[in-house]
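# Chain and residue survey
Each chain, letter by letter, is given below.
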Amino acid sequence: MPYGSAASALLAAAPLLWLLLGLGVLRMAAWRACAIGLAATMLVAAFAWKIPADVVALSAVEGALLGVWPILSVIFAAMFTYNLASATGAMDKIRALLSGVSGDRRVQALLIAWGFGGFLEGAAGFGTAVAIPAAVLIGLGFEPRRAAVVCLVANTVSVAFGGVGLPVITLAKVTDTDLARVTYFTALQLTPLVVVLPLVLVPMVTGGIKGLRGVVGMCLASGVAFAVPQLVLARFVGPELTAIAGSIVAMPVVMLWARWWPPKTAWRFPGEAQAQPLPAGHTSMREQLVAWAPYLLMLAFILGTGTLVPPVNRALAAAQSSLALVHGAKPLTFSWLLNPGTLIFLGGLAGGLIQGARAAAIGKVLRSTGRQLAATALTVTSIVALAQVMGHSGMSAAIAVALADATGKFYPALSPLIGALGTFLTGSNTSSNVLFGALQKQTALQIGADPNWLVAANAAGATAGKMISPQSIAVAASATGQQGREGELLRGTLAQALLYTLILGAIVVLLAP
């Protein structure tokens, strides 16, 4: 360290403090703030830590490449799949199926904000899990602010594995930790919250805890139905399908519960007619299978090429390249066929063809998705490059030493808060993991804790920051026509975010291996 422990940590944290100022106070565009942060990090590494200029530059290049593959490849593939399903009308059929299940507003919230929102987060991410369910709820008669807040709070636990496992895959890669253990630990830490969150969503719909009357069993069933598949797949398969599997099981559980054990009285908003008709949602089984085809194929491709099928996994794993840029650092490995982005793209493309998409339409969706993600590409490459420079230079280690000295054995209780701060700043669980994953690992080593456990705590904690991130709130406000009322949405989710983070801190301490 160039100076004393505290001074070095403060200097190393300067780029992170800039992100807090640029994104949280100045409301600067994320790509611009991250690019400035990267430049500041490179200057601090070169002049304060005396890292040779070529090593600083190569560390940044390494981060940019890691940002492109696999991170951007997964984001692009997931958004392409969603955009193509929207262009073919498949997403309309999925929404139609969900909209006609029940006239009870609590059931609608569980099915659409919780189940469908979790599916969209697991399969696509990038704001879809807030924008689309909120729009559907408004179409069913929900007041816009209520729809936005419910969807923001619902879009939490699935965020850790959103975008087909990308946040955890990236986290394990940038921290050089065991992907299988980090995946399982993240799901384990989140499991209690997954089970109870539906019990929180219903009172948010009804305005009080009395609204749970008649649906407690449904809430618990939907929470358990989401939690168990997520935990099992996290333990035995991997991160790609955990959130998708949880939501795919939770949705039919809610639908069947509403059919077999419906509430004695359907809850409606005050002054709302009980007999108000719902939009027609009748589609055939064949139409639904075609509509879900991209995601069913995605599921088949990921399961069929994973460790559950060793010969296929080994054959595809051979298609990879390695690149060593920074002397003494672990070489980058690019897996071309086993990369989730490749498998998601193939599933989306094949599903689109099944749905009747023509080559011209597919090309149009490819181009529009590229334009849609241009700013995201700059943000991702800049922030991953920033993290790599901090890691290779020793700046992350300096912050870790200071945190360990200041908090000691109490640090694990605070580790989810670090992850939440990262998502609050960047709007992305993946970016939070890139920013603070190495810091969590270094601090764990300093205090003698399991690095995999605290690295996972970053991913779990980052889900709390999602509901109060300015980016998420902006998406919710835009989708529900409440531009200019973002402050009200923030106030509607802030208490839940704080309680969520405190509970996670207790879980991290109590369940620590």
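Description of the structure in this document. (Residues numbered from 1 in each chain as written. Predicted model: local features only at pLDDT ≥ 70, side-chain atom pairs only at ≥ 80, totals over all residues. Heavy atoms only, no water.)

### Some words on the side chain of Thr-177
What counts, and what does not: Elements are defined by DSSP. Helices are runs of H or I of four residues or more, strands are runs of E of two residues or more, and each kind is numbered from the N terminus. Accessible area is worked out with a 1.4 Å probe on protein chains only. A residue is then buried under 20% of its type maximum, exposed over 50%, and partly exposed in between.
Structurally, Thr-177 can be placed in the loop between helix H9 (162-175) and helix H10 (179-206). For Thr-177, a relative accessible area of 15% corresponds to the buried category.

### What to know about helix H3 (residues 30-47)
The test is simple: How far a helix is expected to stretch is found by multiplying one less than its residue total by 1.5 Å. By definition, the arc is the one covered by directions from the helix axis to the C-beta atoms.
The end-to-end C-alpha separation of H3 is 26 Å, in line with the 26 Å expected for 18 residues at 1.5 Å each. Within the sequence span of H3, burial applies to Ala-30, Ala-33, Cys-34, Gly-37, Leu-38, Thr-41, Val-44 and Ala-45. Projected down its long axis, H3 shows its buried positions confined to an angular sector of 140 degrees, all on one face. Exposed positions of H3 whose direction lies more than 90 degrees from the buried face are Leu-43 and Phe-47.

### Quick notes on the pattern of salt bridges
Test applied: Whenever Lys or Arg places a side-chain nitrogen within 4 Å of a carboxyl oxygen from Asp or Glu, that contact is recorded as a salt bridge.
Applying the stated criterion to the full structure yields three salt bridges. Taking the shortest distance from any N to any O, the salt bridge between Glu-488 and Arg-145 comes out at 4.0 Å. Taken as a pair, Glu-488 in helix H24 (residues 486-510) and Arg-145 in helix H8 (residues 144-154) lie far apart in primary sequence, 343 residues in all. When its relative accessible area of 29% is taken as the criterion, Arg-145 is described as partly exposed. One salt bridge in this structure joins Arg-181 and Asp-450, with 3.1 Å as the shortest N-O distance. With Arg-181 in helix H10 and Asp-450 in the loop between helix H21 (429-447) and helix H22 (451-466), this pair connects stretches of sequence that are 269 residues apart. Residue Asp-450 is classed as buried on the basis of its relative accessible area of 19%.

### A short note on the packing of helix H18 (residues 374-393) against helix H19 (residues 395-407)
The cut-off we apply is this: Angular values range over 0 to 180 degrees, each being the angle between N-to-C directions of two axes fitted as lines to C-alpha atoms, with helices fitted over their stretch in contact. For this classification, under 35 degrees means roughly parallel, over 145 means roughly antiparallel, 65 to 115 means roughly perpendicular, and everything else is oblique. In this analysis, two residues are considered to be in contact whenever any of their non-hydrogen atoms come within 4.5 Å of each other. Each residue is assigned to one of three groups, with Ala, Val, Leu, Ile, Met, Phe, Trp, Tyr, Cys and Pro labelled nonpolar, Asp, Glu, Lys and Arg labelled charged, and all others, Gly among them, labelled polar.
Where H18 meets H19, the axes come as close as 4 Å, and the angle between the chain directions of the two elements is 70 degrees. By the criterion of interaxial angle, the relationship of H18 to H19 is roughly perpendicular. Of the residues in H19, those touching H18 at Met-390, Gly-391 and Ser-393 are Met-395, Ser-396 and Ile-399. The class makeup of the residues in the contact of H18 with H19 is three nonpolar, three polar and no charged.

### Structural notes on the packing of aromatic side chains
The geometry of two aromatic rings is summed up by the distance between their centres and the angle between their planes. The line we're drawing: Each Phe, Tyr or Trp ring, with Trp reduced to its six-membered ring, pairs with another whose centre is within 6.5 Å; inter-plane angles below 30 degrees give stacked pairs, above 60 give edge-to-face pairs, and intermediate values give tilted ones. A positively charged side chain is recorded as over a ring if its NZ (Lys) or CZ (Arg) lies within 6 Å of the ring centre. The angle to the ring normal must also be within 35 degrees.
Per the stated rule, a full pass over the model turns up 13 aromatic pairs. Their ring planes at 10 degrees and their centres at 6.5 Å tell us that Phe-116 and Phe-119 sit as a pair that is stacked. Taken as a pair, Phe-116 and Phe-119 lie in helix H6 (residues 105-123) at a separation of three residues, close to a single helical turn. The structure contains a cluster of three or more aromatic residues connected by ring pairs, namely Phe-116, Phe-119, Trp-292 and Tyr-295. Over the aromatic face of Tyr-184 sits the side chain of Arg-235, whose NZ or CZ is 5.6 Å from the ring centroid.

### Quick look at unusual backbone geometry
Residues other than glycine seldom take positive phi values, yet Lys-50 does so here, at roughly 60 degrees. Assignment of secondary structure puts Lys-50 in the loop between H3 and helix H4 (53-87). Phi is positive for Asp-176, which is not a glycine, with a value near 55 degrees. By secondary structure assignment, the location of Asp-176 is in the loop between H9 and H10.

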